[in-house]
Structures are given as C-alpha cells and as structure tokens.
Amino acid sequence: MTAETAVVSVGADLFADAVADQAVDVQRVDWQPPMAGTADDLAVVAADPLRADANARAVEAYLGVTAQLVDVLPAHEALGLERGDFLHAGPPVTWERASGPMRGALMGAAALEGLVDDPDQAPALFESGAGYSLAPCHSRSAVGPMAGVVSPSMWMFVLEDATSGARTYCSLNEGLGKVLRYGAYGPEVLDRLRWMSAVLGPVLQQAVREAGPVDVTALLSQMLQMGDEAHNRNRAGTLMLMRDLVPAMIRSTSRAADVADAVAFIGGNDHFFLNLAMPACKLALDAARGIEGSTMVVAMARNGTDFGIQVSGTGDRWFTGPAQVADGLYLGSYGPDDANPDIGDSAITETAGIGGFAMATAPAIVRLVGGSVPDAFAATRRMGEITLASNPRWQIPVMEFAGTPTGIDVSRVCRTGILPQINTGMAGAVAGTGQVGAGLVNPPAEIFPAALAALADATRSRAGA
C-alpha cells in the first residue's frame, strides 16, 4: 500500500485500540444496535410511504410559526378555569399518584383560591375526590414549569401565531427557591402569588397592550446568540423583554410604586423569560400535530411521577414511563436522596430544539446543571443524530451558526439508542420543600419503542385497509 492508511472503527473499542497501538489514526464511530425489540417496527415505519412527506410537513409547519406575546390575562379568562379547576404539568395524574412537589403545589393553589383556609387542609379535599378537577396543561393549550399548577386566579401570558391565530398560554414565573412550582406552599409563597395576581399581572397587561405584540420567536433567536439556551438560562431573554416592556410600563396608568416593584421583581429573576420560551415552543410544535405518518415528537412532559411524550402521527395519546431523577448539582446540604423525579412541562424547550439541545450555545450552563463545556458541545452534536432538521432561526455562533437540532424523530431514537438530553431544575421530594438543585436527565427509554409500535400498527393498518 502506498496511500496513507485510514481506519474507521464502528462499535466496540477493541479493534480501534489495537489499531491505535500500531500508530495508525482511527476515527471512532459511536454506534450501538437499535433498541431491543424494535427491529420489526423500525422496518415497517421506514417503509411507510407517508413518512418522509409527513415529517417534512411537520417540520415545515413547526418552522412556519411566529410566536407573539399579545396579552396577559387571568387564567379564568384565558382558559375558562372555574373554581376548583386545576391544571398541572405532564401527562394526566391523580392525587393518589401525585409526587410530593405536585401535591405541595396543589395544596398551595387550593389555599390561594380559598377552597381551604390552610394548605394543610387541602389533602382531605383532594382525597375526597369531589369539588375539584385535575387536567394536564397541554390539554388546554398551556404549559407550566415544574409542577405547572394553574388555578383560576393566576395570570397567564397569551401567545399567538401571527399567521394562524392559534394561541398558547403559560403562567408568570415566580422566581427560584421556595416557590409554588417547586412544591412550596408557605405564607411567603402565597403572599407572592397574591401580589402577582393583584399587581404584576395587571401591570404587564397594560404594558403589553400599550407596546403591542412582542415577537418572542425573534427574542429567542437573539438570546441563543447571547449565551442563553432558554431553559435553565434566560438572562439575556429576560433583559430584552424588559427593554421592550418597561417604557410602556412607565407610561401606563399603573401606580409608580407598582411599576417599580414589577421592574425590580422581573429584573431580579433571570428565569422570568422561561415562561415565554415555553409557550412559544408549544405554539410551534402544536402546528406539527396530527399529521398522519409523522414520527416527530410534539411534546415531552413530566408530572413528577410519569414522563410522557406525544407524537404527531399518533394524536393526543401519551406514551409514558417512570420519571427519572436528574444527575446534577445540589443547593446547600441537599443531596440525591432529597430530589423528586423529573417534573414539569419545560421539556417542551428540548422538544423544540433548545434547552438541553442547544447547550453548546450556553456553555456557562454547566455551572448550574453540571458537566463540562466539552460535554455541552457533545450534547448538541449528539441531538443532531435523533432530529429531522435544524432550525435556521435559532443558530449557535460557536458552531458556525448551525441551526439547533429540531424535530425529535421516534425512529431515530429507537435506531440509535440516543435519548433526548434535558437540563432541568430539581424539586424536593417532600411537599413544601422547594428547589433542591439542577441537573441533566433523560426520558425513560421504553416510551420511544412504545410510540414506535403505535406508529407501526398504524402503518400496517393503512397497508391492510
């Protein structure tokens, strides 16, 4: 041989190590067999004549959405919630199966709405099974971080697609630490929520109506180029939102003291923009729902007990498995034994291709969720293996302005064994604790073969029809 030797090694390192020991360069390819038991379903779905066009339509619909903040309203007006109605994060769950932070948030919300005098009286209400309703936020075009509990008096951001007029909703962000969404329900939590309903919501409503629609999709594009990944780091996004709204807040008829308090609250909460990033992602992904033959995931969500996904080609059906505990960094003296399994609708950001999928654009995030900067780059590249496209609107400067990996493909997840990467906050396992840390987590692997099997069954059914 006269040409320079080049070796590509796939799979186990035994061969690659032997070649490398002989001073030959080796390109190692990370490969593993498809997930166990998926071979037949993968073959059926791969041969589905609808699949390629359906996925192209799903991606096109997703990319065609421009999310605008058009209003801020109480949940009873925005969503039609009545006394005793509660929304929660993730797939459906009952009080009996609810995790500690979910129970804590429901207890606090019941007291906030005056259904009980004290949060500690709420378990009896929920155990009675009467006088209330529980439903996933996703079932009402909404999303909620962590426990995601929404009750009628809470105020909601209202986002609208400029083209279709479709709307999505999310509550206002409370900040970090002891807050309702992490399952805390002490007096300071309820006092903050009452102030948000009495002051913050109305001040924001006047500002949004005065300033006009705020292009949230464009803000996401800018913040991703400023070091945010829009799930656990929203610093630039929050500041740009203030840039757009504060002048209108000052010009409004709101009391000067209320405006000052609202500006201080938003400015002191780097996560405030998260509750706009989430409904913007949901609005885009909802446009990709219900396309026959599409294998694209349109929702990932957790309720602290179950992790669920929904897929474009299988309607509103949830595919669920046990939520996992995140691996990360803990606050103060808290440790892994204090953490509840994964919880929240905020994985809608990863479903849309940001958050854990865009960690390369926010290397500082590793100081919060753990890992290293090379890990952050590797995570973004790895997510490109399981997605259908990249998003030209949301670019990563340090990767030569490559678009973020977009459109999780159930088939690719099952074929590669690579699971979506999510970065997330961690709630305490005991109701009332609040936040205990932040870290990285994956969905339970078994939900993807289950979704693939449903897609394969639909393909077989069409072929036999």
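Quick caveat, the model's predicted, so the values are computed rather than measured.

Colleague: I'm lost on the pairing of strand β18 (residues 435-441) in this one. Help?
Modeller: Two faces, one strand: in a regular strand the side chains alternate between the faces of the sheet. Burial of β18 is extensive: six of the seven residues sit out of reach of the surface. Where strand β17 (residues 422-427) meets β18, six bridges bridge the pair, whose relative direction is antiparallel. Bridge assignment links Ile422 to a residue of β18, and that residue is Val441.

Colleague: Would you mind going over the side chain of Asn423 with me for this structure?
Modeller: By secondary structure assignment, the location of Asn423 is in strand β17. Look at Asn423 and you get buried, because its relative accessible area is 0%. Setting aside chain neighbours within four positions, we find Asn423 in contact with Glu229, His231, Asn232, Glu350, Gly355, Gly356, Met359, Ile365, Val369, Gly439 and Leu440.

Colleague: What am I meant to see in the side chain of Asn275 here?
Modeller: Position of Asn275 among the secondary structure elements: in helix α11 (residues 274-286). Residue classification places Asn275 among the buried residues on the basis of a relative accessible area of 1%. Only 2.8 Å separates the side chain of Asn275 from the side chain of Asn173, close enough to count as a polar contact. In this view, Asn275 contacts Pro145, Phe157, Cys170, Ser171, Leu172 and Asn173; residues no more than four positions away in its chain are not counted.

Colleague: Hey, could you run me through the pattern of salt bridges in this one?
Modeller: When the charged atoms of two side chains lie near each other, side chains of opposite charge can form a pair. According to the stated counting rule, one finds 18 salt bridges in the structure shown. Of the charged contacts in the structure, one is a salt bridge between Asp71 and Arg209, with a shortest N-O distance of 3.0 Å. Here Asp71 is found in strand β3 (residues 67-74), whereas its partner Arg209 is found in helix α7 (residues 187-211), with 138 residues between them in sequence. Across the pair Arg412 and Asp409 runs a salt bridge whose closest N-O atoms are separated by 3.2 Å. On the accessibility criterion, Arg412 (26% relative accessible area) is partly exposed. Through salt bridges with shared partners, a single ionic network connects Lys282, Asp286, Arg289 and Asp316.

Colleague: Teacher, can you tell me more about the nonpolar core here?
Modeller: Nonpolar side chains in soluble globular proteins generally cluster together in the buried interior. Judged by nonpolar contacts, the single largest core of 90 residues is most densely connected at Phe157, Leu200, Leu204, Leu220 and Phe273. Ranked by the residues each element gives to this core, the list is headed by α7, at ten residues. Formed jointly, this core draws a minimum of three residues from each of two domains, domain 1 (50-58 + 289-464) and domain 2 (63-279). Excluding residues within four positions of it along the chain, Phe157 makes contact with Leu69, Asp71, Val72, Thr168, Tyr169, Cys170, Ser171, Leu172, Leu204, Phe272, Asn275 and Leu276.

Rules behind the numbers
Residues numbered from 1 in each chain as written. Predicted model: local features only at pLDDT ≥ 70, side-chain atom pairs only at ≥ 80, totals over all residues. Heavy atoms only, no water. Buried < 20%, exposed > 50% of the residue type's maximum accessible area, 1.4 Å probe, protein only. Helix = DSSP H or I, 4+ residues; strand = E, 2+ residues; numbered from the N terminus. Pairing = 2+ DSSP bridges. Contact = heavy atoms within 4.5 Å. Polar contact = N/O pair within 3.5 Å; in protein donor to acceptor, adjacent residues only side chain to side chain. Salt bridge = Lys/Arg side-chain N within 4 Å of Asp/Glu carboxyl O. Core = buried A, V, L, I, M, F, W, Y, C linked by side-chain atoms within 4.5 Å. Domains from an automatic or database assignment.

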